[in-house]
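Residue-level structural notes
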Amino acid sequence: MRIFDPHIHMTSRTTDDYERMAAAGVRAVVEPSFWLGQPRTSAASFTDYFDSLIGWEPFRAGQFGVRHFATVALNPKEANDPRCRPVLDLLPRYLDKDAVVAVGEIGYDSMTPEEDEAFAAQLALAVAYDLPALVHTPHRDKARGCERTLAVVAESGIEAGRVVVDHLNEVTVKLVRDSGCWLGFSIYPDTKMTPSRMVELLREYGTDRMLVNSAADWGRSDPLLTRATGEAMLLAGFSDDDVDQVLWRNPVEFYGQSGRLDLSDLDVAVAVDPQTGNSILRGGS
Ligand SMILES: [Zn+2]
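For the structure given in this document, a descriptive report is provided here.

Analysis parameters
- Residues numbered from 1 in each chain as written.
- Predicted model: local features only at pLDDT ≥ 70, side-chain atom pairs only at ≥ 80, totals over all residues.
- Heavy atoms only, no water.
- Donors = N, O, S within 2.8 Å, 3.2 Å for Na, K, Ca; no water.
- Helix = DSSP H or I, 4+ residues; strand = E, 2+ residues; numbered from the N terminus.
- Buried < 20%, exposed > 50% of the residue type's maximum accessible area, 1.4 Å probe, protein only.
- Pairing = 2+ DSSP bridges.
- Axes fitted to C-alpha atoms, helices over the stretch in contact; angles between N-to-C directions.
- Salt bridge = Lys/Arg side-chain N within 4 Å of Asp/Glu carboxyl O.
- Parallel < 35°, antiparallel > 145°, perpendicular 65-115°, else oblique.
- Left-handed = near helix turned anticlockwise from the far one by under 90°.
- Contact = heavy atoms within 4.5 Å.
- Nonpolar A, V, L, I, M, F, W, Y, C, P; charged D, E, K, R; others polar.
- Phe/Tyr/Trp six-rings, centres within 6.5 Å; stacked < 30°, edge-to-face > 60°.

**So, the coordination of the zinc ion**
Here the zinc ion is held by His-7 (NE2), His-9 (NE2) and Glu-105 (OE), and the distances to it run 2.1 to 2.2 Å. Within one chain, the residues serving as donors to the zinc ion are arranged as H-x1-H-x95-E. Of the two residues, His-7 sits in the loop between β1 (3-5) and α1 (15-24) while Glu-105 sits in strand β4 (residues 100-107), which places them 98 residues apart along the sequence. Of the two residues examined, His-7 and Glu-105, each falls in the buried class.

Structure representation (structure tokens):
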């Protein structure tokens, strides 16, 4: 099983995680910039963080055979802190870098006017730099947050097919499906989606435009839940090819829109079963 985790915060994880992920078939990841838990007090802290996301972390991932890409943004939570607002002026410098494949995570945390402004400004940057956008949806008041998110996306003029709306669940899936945006699902050990709930949604809505991530970070989370979702799909009767579409080809297609997703020389050989036409996936255990 070859796996591309389209949303994971490796800065918060250990080398043990990289080792286990590589053994489970994870060959590529996208690490969105986000809130580190400890509030940052100046834009300079973001400079060091962004540099690490495009420098040190890809190097660390490479030691385990994992290709690492990043997205940069002023995250929704810190958009409320006036000390962090100057980050918006730093972004153009990073949006030019090859290792950056989208603008994100942007969107809403508490749906304040400050968040409105930062969200719209960063969608405009995505359009200006011809990059996809990764949009976080709030964990509280999900349906309303999602509706407002989609309204702001529509107003920004960015093409829906270049936006992923993330952290969806049964309540928000249909709204986003109908918008034409990509659908992101974070599989967590105890909250948000579980592998079995994800399988139900894939049954109901199909495998197109669906992205499954672990969103593993400094909280309770598990970088192997992408793999667990693939296993649950197979047990539920999905084919190897369906699993490959959701866990590999979909994220490749979405972030490939950046024109910067270099996956050459990766060990992700795929053979096709002459009987079924399904791919026989190699790599991983
Ligand atoms: Zn995240």
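The discussion continues.
**What to know about the sheet that holds strand β8 (residues 210-213)**
The strand order β1-β2-β3-β4-β5-β6-β7-β8 describes an open sheet built from 8 strands, whose pairing is parallel. Since the sheet does not close on itself, it has two edges, and those belong to β1 and β8, each with one partner. Across the sheet, the axes of successive neighbouring strands diverge by a mean angle of 25°, strand direction being ignored.

**A closer look at the pattern of salt bridges**
Summed over the entire model, instances satisfying the criterion amount to 19 salt bridges. The shortest N-O distance in the salt bridge between Asp-116 and Arg-148 comes to 3.0 Å. Here Asp-116 is found in helix α5 (residues 113-128), whereas its partner Arg-148 is found in helix α6 (residues 142-156), with 32 residues between them in sequence. Since its relative accessible area comes to 27%, Arg-148 is described here as partly exposed. Where Asp-130 meets Arg-162, a salt bridge forms, and the shortest distance between an N and an O atom there is 3.3 Å. Of the two residues, Asp-130 is situated in the loop between α5 and β5 (133-136) and Arg-162 in the loop between α6 and β6 (163-165); the sequence distance between them amounts to 32 residues.

**Describing the packing of helix α8 (residues 195-205) against helix α9 (residues 225-235)**
Here α8 crosses α9 at 55°, and the two axes come no closer than 9 Å. The orientation of α8 with respect to α9, classified from their angle, is oblique. Here α8 and α9 pass one another in a crossing that is right-handed. For the pair α8 and α9, contact is made by Pro-195, Met-198, Val-199 and Leu-202 and by Leu-225, Ala-228, Thr-229, Ala-232 and Met-233, respectively. For the contact of α8 with α9, the per-class residue count stands at 8 nonpolar, 1 polar and no charged.

**What about the packing of aromatic side chains?**
Tallied over the full model, the rule gives 12 aromatic pairs. Judged by centre distance (5.5 Å) and plane angle (5°), the rings of Tyr-18 and Phe-64 are stacked. Of this pair, Tyr-18 sits in helix α1 while Phe-64 sits in the loop between α3 (56-62) and β3 (67-72), placing them 46 residues apart in sequence. Taken as a pair, Tyr-18 and Phe-64 share a single burial class, namely buried. Each ring, one from Trp-56 and one from Phe-59, has its centre 5.4 Å from the other, and the planes form 40°; the classification is tilted. Placement of both Trp-56 and Phe-59 in helix α3 is noted, with a separation of 3 residues, approximately one turn of the helix. On the basis of relative accessible area, Phe-59 is assigned to the partly exposed category, the value being 47%. An aromatic cluster of at least three residues, connected via ring pairs, comprises Phe-4, Trp-182, Trp-248, Phe-254 and Tyr-255.

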